[in-house]
Amino acid sequence: MEIRNVAIIAHVDHGKTTLVDKLLQQSETFRANQAMQERSMDSNDIERERGITILAKATSIIYGDYRINIMDTPGHADFGGEVERIMKLVDGVLLLVDAKDGVMPQTKFVLRKALESNLKPIVVINKIDRPFADPKKTINQVFDLFIDLGATEEQLEFPVIYASGLLGVSSFTEDVSNAKNMKPLLDTIVNHVPKPNVTVDGPLQFQPALVDYNEFVGRMGIGKVFRGTMKVNSFVSVVRADGKIQQFRIQKLFRYSGLTKIEVDEAYAGDIVAIAGLSDIQVGDTVCEVGKEEALPLLHIDEPTVQML
Ligand code: GDP
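Residues numbered from 1 in each chain as written. Predicted model: local features only at pLDDT ≥ 70, side-chain atom pairs only at ≥ 80, totals over all residues. Heavy atoms only, no water.

Chemist: How should I be thinking about the sheet that holds strand β16 (residues 272-276) in this particular structure?
Modeler: Strand pairing in a sheet relies on backbone hydrogen bonds. The paired strands run either parallel or antiparallel. Strand order in the open sheet made by the eight strands is β12-β11-β17-β8-β9-β16-β13-β14, with antiparallel pairing throughout. Looking along the sheet, the strands with just one partner apiece sit at the ends: β12 (245-249) and β14 (260-263). Ignoring which end each strand starts from, the neighbouring axes of this sheet average 40° apart. Examined bridge by bridge, strand β13 (residues 252-257) and β14 share four bridges and lie antiparallel to one another. Each residue of the ladder has a partner; that of Arg255, found in β14, is Ile262. Of the strands in this sheet, β8 (205-214), β9 (218-227) and β16 are in contact with helix α4 (residues 80-89), which crosses β8 at around 135°. (Pairing = 2+ DSSP bridges. Helix = DSSP H or I, 4+ residues; strand = E, 2+ residues; numbered from the N terminus. Axes fitted to C-alpha atoms, helices over the stretch in contact; angles between N-to-C directions. Contact = heavy atoms within 4.5 Å.)

Chemist: Explain the site of the ligand to me, please; I cannot follow it from the model alone.
Modeler: Neighbouring the ligand are 13 residues, the closest being Asp13, Lys16, Thr17, Thr18 and Asp129. Between Ser164 and the ligand, the recorded distance is 3.2 Å, taken from a side-chain N or O atom to an oxygen atom. Expressed as a share of its isolated accessible area of 570 Å², the protein-covered part of the ligand is 76%. When residues in the shell around the ligand are grouped by element, the largest group, three residues, is from helix α1 (residues 16-25). Counted by class, the shell around the ligand contains one nonpolar, six polar and six charged residues. (Near = heavy atom within 4 Å. Polar contact = N/O pair within 3.5 Å; in protein donor to acceptor, adjacent residues only side chain to side chain. Areas by Shrake-Rupley, 256 points an atom, 1.4 Å probe, with all protein chains shown as cover. Nonpolar A, V, L, I, M, F, W, Y, C, P; charged D, E, K, R; others polar.)

From the geometry alone we can't say anything about function, so treat these as descriptive.
Listed below in structure tokens is the structure:
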């Protein structure tokens, strides 16, 4: 199975949750996950209260031979560091823009982060079903924003998909009257987003980009396997931010499946997983094979990036 890691970025209310729900419903995952909660991407109570998506989470869908991991991204400037870390995990972004409201402040904020991370966005002109939707004007605004933010020529050649998350349709043209499903968008993701830039063979390297907490397993680190294979129950080393090395056992290993996490025995380079077993796991730790400790550079800007011991 091939992996595609993509982040979804948008101004609040431009339809991320609805669109991801539709992608899920139309993918095989829907059948496999009866327990899936409705709209659980923002099921967190605090998020509901504030009306913004605070916590970045992953959703995973199976589409043909591909597993597409979709990272939700907070649109708010308070979460800038988190957005940057997510941009380092993924190889592409879906930029959603409401076809009626057009470009908004958070559109600019998150797009800047994506462009700075050298990602080539796929532009989704969403809510195309809205009365007075103006896709042409919206595309022009998006193009101007790319220019403003100093996009490269390659980034400016963004593919455009017209969609209504609400109706569950997408299309390569702004006339969606014949559009049936999300296939055009899913095809664009698998064809346009590069495969993860990782090393399949070699000693394990994994770095949490986010931490999460669950009362049953405690603190978890969510991130990408950059190199090698990770196995549940194995003893591993962790290189901390200060360079200290500790060992621990990977007690649980989760992969995303739909909106839930499922326990797995192994994870391979490129996949986004959550691990439990180190009670104070931190963003920027590097989990390695014992005896092959080699920190990943992410948070080690002023220090030697490689430590061989
Ligand atoms: P998020 O904040 O980006 O996750 O946005 P939501 O998915 O929660 O959507 C915000 C609002 O827009 C909700 O009331 C949705 O029902 C509505 N909405 C989402 N997608 C569409 C769409 O394609 N068309 C229309 N007309 N409304 C939509």
